[in-house]
Amino acid sequence: DQQVKQNSPSLSVQEGRISILNCDYTNSMFDYFLWYKKYPAEGPTFLISISSIKDKNEDGRFTVFLNKSAKHLSLHIVPSQPGDSAVYFCAASTFNTDKLIFGTGTRLQVFP
Amino acid sequence: DAGITQSPRYKITETGRQVTLMCHQTWSHSYMFWYRQDLGHGLRLIYYSAAADITDKGEVSDGYVVSRSKTENFPLTLESATRSQTSVYFCASSEVGSNQPQHFGDGTRLSIL
C-alpha cells in the first residue's frame, strides 16, 4: 500500500511559468515532509521541507504547501527554469523516526 | 571532498553470485540508509543504521545483508543475487535529531543476468 502518492508521473511547463507538483499521503501520523530533486545518473538532492505545524515554507523560487486535512502537499516553482527539469520526489516521516517514505516521483520538463 | 560516495557506480553480475555495494561518508553522520529505486516504486528502504553496530530492516530487506563496523562505512551485500534485485541502489546519511534531511550518494546501477 503506497502511503505517499505522486499521481502525476510527468509534467511539462514553459520556462517562466509556475510548476506545481502534487503529493498525497494516507498516514495521518506523518509530521515531516520533504521534496527531493533528482537528475539522471545522480543521487536525489534535498530541496525543501515542511513540518506539520506549518502550512507553508518558502525558499527562493520554491514553496511547499501543506494541507493536513486533505493529506496533501504541493511544491510550487516560480518562475520555472530549464535547469529545474528533473524528477521530483516527495517524502514523509513520522515523529521519532528517521525513516522516510518516498513517493514514486514526478518528472518535470521545463521547455523554452 | 566531504560527502557520500558509492562504489562501484555500475556492476553486472550473474544470478547466484554474492555482490557487495560500498558506501562511505565523511560527515560522521550517525544515520545511514540503503534504498533501491525501481520504476513505479520510487525509492524503497532496504536497511538503515542508527550508529555503528546498530542496523535494522526496512521495507524490502529480504535477500540483503548489511554491516556497520565503522561509522563512515555501510556496505550492502546481496548474498545470492537474483534478477529481481536488478535496480539502482542509493546510500544516504543524516545527522541525529528530528527532521534532519538525508543526503544521498550518486547510486550504483546493478544488473543481474
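Look above for the structure.
Overview of the structure.

Conventions and cut-offs
Residues numbered from 1 in each chain as written. Chains lettered and ligands numbered in written order. Predicted model: local features only at pLDDT ≥ 70, side-chain atom pairs only at ≥ 80, totals over all residues. Heavy atoms only, no water. Phe/Tyr/Trp six-rings, centres within 6.5 Å; stacked < 30°, edge-to-face > 60°. Buried < 20%, exposed > 50% of the residue type's maximum accessible area, 1.4 Å probe, protein only. Helix = DSSP H or I, 4+ residues; strand = E, 2+ residues; numbered from the N terminus. Disulfide = S-S within 2.5 Å. Salt bridge = Lys/Arg side-chain N within 4 Å of Asp/Glu carboxyl O. Core = buried A, V, L, I, M, F, W, Y, C linked by side-chain atoms within 4.5 Å. Pairing = 2+ DSSP bridges. Axes fitted to C-alpha atoms, helices over the stretch in contact; angles between N-to-C directions.

**What to know about the packing of aromatic side chains**
At step 1: Counted under the stated rule, the structure contains 14 aromatic pairs over all chains.
At step 2: Between the aromatic rings of A:Phe30 and A:Phe33, the centroid separation amounts to 6.4 Å while the plane-to-plane angle is 85°, which identifies the pairing as edge-to-face.
At step 3: According to the relative accessible area criterion, A:Phe30 is buried, its value standing at 6%.
At step 4: Ring geometry for B:Phe33 versus B:Tyr48: centroids 6.4 Å apart, planes at 20°, classification stacked. Of this pair, B:Phe33 sits in strand β4 (residues 31-38) while B:Tyr48 sits in strand β5 (residues 42-51), and the two are 15 residues apart along the sequence.

**What to know about the state of the cysteines**
All names here are of chain A.
At step 1: In this structure the tally under the stated criterion is two disulfides over all chains.
At step 2: In this model, Cys23 is linked to Cys90 through a disulfide, with the two sulfur atoms separated by 1.9 Å. Between Cys23 and Cys90, the S-S dihedral sits near 65°, and the bridge is therefore right-handed. Here Cys23 is found in strand β3 (residues 19-25), whereas its partner Cys90 is found in strand β9 (residues 86-94), with 67 residues between them in sequence.
At step 3: In this structure Cys23 comes out as buried when scored by relative accessible area, which is 1%.

**Examining the pattern of salt bridges**
At step 1: If you walk through the whole model with that rule in mind, you get six salt bridges over all chains.
At step 2: For A:Asp84, the salt bridge goes to A:Arg61, with nearest N and O atoms at 2.8 Å. Taken as a pair, A:Asp84 in the loop between β8 (72-77) and β9 and A:Arg61 in the loop between β6 (56-59) and β7 (62-67) lie far apart in primary sequence, 23 residues in all.
At step 3: Here B:Glu14 makes a salt bridge to B:Arg17, at a shortest N to O gap of 3.6 Å.
At step 4: The class of B:Glu14 is partly exposed, set by a relative accessible area of 45%.

**Here we look at the nonpolar core**
At step 1: Counting residues in hydrophobic clusters, the biggest one holds 23 residues, and the most contacted among them are A:Phe33, A:Trp35, A:Leu73, A:Leu75 and A:Tyr88.
At step 2: Contributing elements (two or more residues each) for this core: β3, β4 (30-38), β5 (45-51), β7, β8, β9 and β11 (106-111) of chain A.
At step 3: Sort the elements by how many residues they give to this core and β9(A) lands first, with four residues.
At step 4: Within the second largest apolar cluster, 19 residues are counted, among which are B:Leu21, B:Cys23, B:Val60 and B:Tyr64.

**Description of the sheet that holds β6(A)**
Residues and elements named next belong to chain A.
At step 1: Taken in spatial order, the five strands make up an open sheet running β1-β3-β8-β7-β6, and their pairing is antiparallel. The sheet terminates laterally at β1 (4-5) and β6, the two strands that pair on one side only.
At step 2: Sheet analysis places β1 next to β3, joined by two bridges and oriented antiparallel. Residue Lys5 lies in a different strand from β3, and its bridge partner there is Asp24.

**Let's talk about the sheet that holds strand β8 (residues 76-78) of chain B**
Residues and elements named next belong to chain B.
At step 1: Overall, antiparallel pairing links the four strands, which are arranged β1-β3-β8-β7 in an open sheet. Two strands lie at the open edges of the sheet, namely β1 (4-7) and β7 (64-66), each paired on one side alone. Here the strands of the sheet are splayed against their neighbours by 20° on average, with no regard to which way each runs.
At step 2: Two strands pair when backbone bridges link them, and strand β3 (residues 19-25) and β8 are joined in this way by three bridges, in the antiparallel orientation. Bridge pairing in β8 places Thr20 opposite Thr77.

**So, unusual backbone geometry**
At step 1: Look at the link from A:Val78 to A:Pro79: it is a cis peptide, with omega at -10°.
At step 2: Of note, A:Pro79 is situated in the loop between β8 and β9.
At step 3: Cis geometry is adopted by the peptide bond preceding B:Pro8, which originates at B:Ser7 and carries an omega value of -10°.
At step 4: A positive phi angle, close to 65°, is found at A:Ala41, a residue other than glycine.
At step 5: The topology assignment puts A:Ala41 in the loop between β4 and β5.
At step 6: Look at B:Ser28: it is not a glycine, yet its phi comes out positive at around 65°.

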